[in-house]
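Descriptive structure summary
In case you want the letters, here they are:
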Amino acid sequence: MTSVTATTVEEMASEDSGANLQGTARILAFSLIAGGMLLAALDSTIVSTALPTIVGDLGGASHLSWVVTAYMLTETVATALGGKLGDLYGRKTLFMVSIIIFVGASALAGASGSMAWLIVARAIQGLGGGGLTVTATAMIADIIPLRDRGKYQGALGAVFGVTTVIGPFLGGVFTDHLSWRWVFYINVPIAIIILVAAVKLLPSVRSEGRPVIDYWGITWITLASTMLVLGTTWGGTQYAWGSVQIIGMFVGAVVALGLFVWAESRAASPILPLRLFRQNVFTVSCVLSFIVGFALMGTMTYLPTFMQYCLGISATASGVRTFPMVAGLLIASILAGNTVSTTGRYKIFPIVGGVVMAVGAFMLSRLDQHSGVWSTSSAMFVLGVGIGLSMQVLVLIVQNTVPYADLGVATSAVSFFRTMGSTFGAAVLGSVYTNALGDRLPGALAQAGVAPSAISTPDALNTLPADAADIIRTAYADSFQVVFTAAIPLAVLAVVLALFLKQVPLRGLVVPTASEVGRGFGMPDDRSSSEQLEAQVVSVVRSRRAVSIRDRILSRHDIPDDAMVWAVMETAVHTYRHHEAPTIEEMAYRHLLPPSVLRPSLDIAISEGLLTEGDDGFALTDEGTATVRRILTAVHAGLVREVERQYGRALDETERHDVGRVAWRLATERLALQYEGRHRREFA
């Protein structure tokens, strides 16, 4: 039978920072964190509807994709580093530094005088955006009690999802009614407000440990990715595919990938442990995540350009017209997550998702300048459904197959591959678009008798005579048909790969989190293994099984009734955190209840010899202290048994320690408040 020593109990309590905020302070702090997440996530999508106008003003159409890929590449690097830098220097510090980088780069991007200037500014902006995204997720643990963390994580995921919906629309509104520069300028005042408020309102919590950062691994994978993106972007446009420059890029990428593998095999804490690739399910899921990201960002980036140039609609309207794709993604993601949670069967979803993606890409490839709202909307909806059927299910698959120690890094790896797929999707389809348009547009301009400057922007194209405009639109439509056709083989590859996925039994700890909104939209998740475990355990405790789990634990270990549990744990928690005895007035203030509601429970504990009451407040007796230890021992032992049953093996000491942290928080936050919550309902 699992046992817990007194020392272990003390260690559980010593790691309780007590930094969780209450009431208005919590709401304000969460609003700041969500605001940071909103800014960072929004800049991944808001620029898509402004791209045609940006190219018209700054030129450099062949570099169009870099406005998106520069941001995503550096965001990926910052996301990989952000979690550990936050542990090293403090999450509040990293959050504020990220805001400063982001706001400065946003101002530079808005003031861009050339495409090169804008791309550099976007790369710097991505560093700030990645830091904001990963820090926002991590800081939830600093301000929200464990029992409520899932609710707030879900709200943060909803914020991330909202950006996918409103980003293209807002980009269109700013472009049509102000200037494309306001796509970036709008960040400045909002970010400054968040920065000033964060100094005062966010708590400073610093990790006790000193994380090991895989600098070499991050360096080599960044270089490899950059060279691959440069090669695919420049190939056939800036340089011939057989040129020294392009071949050099691909050779350099292969060398950098080799050095990355070498570095990961020797790193103390690798960002991508190579041992994970020995598992078929992990490898296939990562490749599928790459394809899903490729399809999502590759199409989202160029659909607004297609609609503005080929259909002649405004930037705002093109943003609105992308809603069906996002709706399809959300509906399918929620449906797939809930179905997997209910049935435990997941393999069918990536297979069907790949088929539907291929159908959606084919439907997009049939669109032209005469396509109506129904045909464009249905094509985007179908593609969104295909992406949504796979997006969050792939994370769930990986979490159900990797060892507990790799839970955090494996989840991050799926996010990493999805983000890299998004980067390559924008770059590769951008290269296809540039090459296809370069073959068709010169002839169309000559046939229409129009100078290139006359079609520098969609608005300029709309002013041409109808016959001339139709010729130009045909060239654009034919080019986009090539772009969307190029996505079909990748979707077919996804189907083939999905056939090789193994169906394994789902772990009960993971299932309840399947339908998180943020995961459905591909929100990065850089939480550690212990933080992932916390989220999963809480999802079980908050489920219908919660009461039976609690009652079973208490009865098995001879724990007193709820009233005494509340009294002794409330006293113990306050004493551990504040090193002083709590008064009934402090307890009442904390829980927003009259002292008369709490008094009966405290009196029962006193009559049973568990508490004493003095002028300074309530204190635990020796028997009360022993009762606290029995409660913590019971919760820890119960959780260890549950996790060991789910993972099919005994936990080592480090893993038991991680479970102990969860046990302390559950005991102090869930069990201790269970009785008080019942009183609150009766009092109300």
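Just above, that's the structure.
Each chain carries its own residue numbering, running from 1 in the written order of its sequence. Since the coordinates come from a predicted model, pLDDT governs what is reported: local features require at least 70, and pairs of side-chain atoms require 80 or more to be given and counted, while whole-chain, interface and lining totals use all residues. Side-chain numbers come from the whole structure's heavy atoms, not from hydrogens or water.

Where helix 12 (residues 280–310) contacts helix 21 (residues 488–498), the axes come no closer than 10 Å and their chain directions differ by 160 degrees. As the angle between them shows, helix 12 and helix 21 are arranged roughly antiparallel. Considering only the axes of helix 12 and helix 21, their crossing is left-handed. Mapping the contact onto sequence places Val284, Val287, Leu288, Ile291 and Phe294 in helix 12 and Leu490, Leu493, Ala494, Leu497 and Ala498 in helix 21. Three classes are used, and their members are as follows: Ala, Val, Leu, Ile, Met, Phe, Trp, Tyr, Cys and Pro are nonpolar, Asp, Glu, Lys and Arg are charged, and the others, Gly among them, are polar. Counted by class, the contact of helix 12 with helix 21 contains ten nonpolar, no polar and no charged residues. Between N-to-C directions, angles cover 0 to 180 degrees, with each direction set by a line fitted to C-alpha atoms, over the stretch in contact for helices. A helix here means a DSSP run of H or I that spans at least four residues, while a strand means a run of E at least two residues long, and both kinds are numbered starting from the N terminus. Any angle between 65 and 115 degrees counts as roughly perpendicular, while under 35 counts as roughly parallel, over 145 as roughly antiparallel, and the rest as oblique. By definition, turning the near helix anticlockwise from the far helix through less than a right angle yields a left-handed crossing, and turning it clockwise yields a right-handed one. Contacts are residue-level and defined by heavy atoms, with any inter-residue pair within 4.5 Å sufficient.

The subject of this paragraph is the nonpolar core. Within the largest apolar cluster, 149 residues are counted, with the highest numbers of intra-cluster contacts made by Ile54, Phe282, Ile387, Ile455, Ile472 and Tyr476. If near-sequence neighbours (up to four positions away) are discounted, Ile54 is found in contact with Val47, Gly59, Met115, Leu118, Trp180 and Phe184. In this text, buried Ala, Val, Leu, Ile, Met, Phe, Trp, Tyr and Cys residues form a nonpolar core when linked through side-chain atoms within 4.5 Å. Note on exposure labels: buried denotes an accessible area under 20% of the residue type's maximum, exposed denotes more than 50%, and partly exposed covers the range between, all computed with a 1.4 Å probe on protein chains only.

Let us look at helix 20 (residues 466–486). In a helix, the anticipated span is given by 1.5 Å times the number of residues less one. Relative to the 30 Å expected for 21 residues at 1.5 Å per residue, helix 20 spans 30 Å between its end C-alpha atoms, a close match to the ideal helical length. For helix 20, the secondary structure elements touched by its buried residues are helix 12, helix 15 (348–365), helix 18 (407–448), helix 19 (458–462) and helix 21.

This part covers a nonpolar patch on the surface. Grouping into patches uses exposed residues only, defined as over 30% relative accessible area, and leaves out salt-bridged ones; the cut-off is 9 Å for like charges and 5 Å for nonpolar side chains (Val, Leu, Ile, Met, Phe, Trp, Tyr). Surface accessibility follows the Shrake-Rupley procedure with a 1.4 Å probe radius. Residue values consider only the protein chains on display as shielding. Think of a salt bridge as a Lys or Arg side-chain nitrogen and an Asp or Glu carboxyl oxygen that are within 4 Å of each other. Residues Val97, Ile101, Leu108, Trp117, Val120, Ile124 and Leu127 make up a contiguous nonpolar surface patch of roughly 550 Å² in combined accessible area. Elements with a minimum of two residues in the nonpolar patch: helix 5 (91–110) and helix 6 (115–143). Considering the arrangement of structural elements, one finds Val97 in helix 5.

Next up on the list: the environment of Met587. Along the polypeptide, Met587 turns up in helix 26 (residues 584–591). Among the residues examined, Met587 registers a relative accessible area of 2% and is labelled buried. Along the primary structure Met587 and His574 are separated by 13 residues, whereas in three dimensions their C-alpha atoms are 8.9 Å apart. With sequence-adjacent residues up to four places away left out, Met587 is seen in contact with Trp566, Glu570, Thr571, Pro582, Leu598, Leu602 and Phe618.

Side-chain pairs of opposite charge can arise where the charged atoms are in close proximity. On inspection of all chains with the given rule, the structure shows three salt bridges. The partner of Asp603 in a salt bridge is Arg599, with the nearest N and O atoms 3.1 Å apart. On the criterion of helical spacing, the pair formed by Asp603 and Arg599 is a turn pair, its members being four residues apart in helix 27 (residues 595–607). When its relative accessible area of 34% is taken as the criterion, Asp603 is described as partly exposed. In this structure, the salt-bridge partner of Arg599 is Glu613, at a minimum N-O distance of 3.1 Å. With Arg599 in helix 27 and Glu613 in strand 1 (residues 611–614), this residue pair connects regions lying 14 residues apart in the sequence. The class of Glu613 is partly exposed, set by a relative accessible area of 42%. Because the salt bridges share partners, they merge into one network encompassing Arg599, Asp603 and Glu613.

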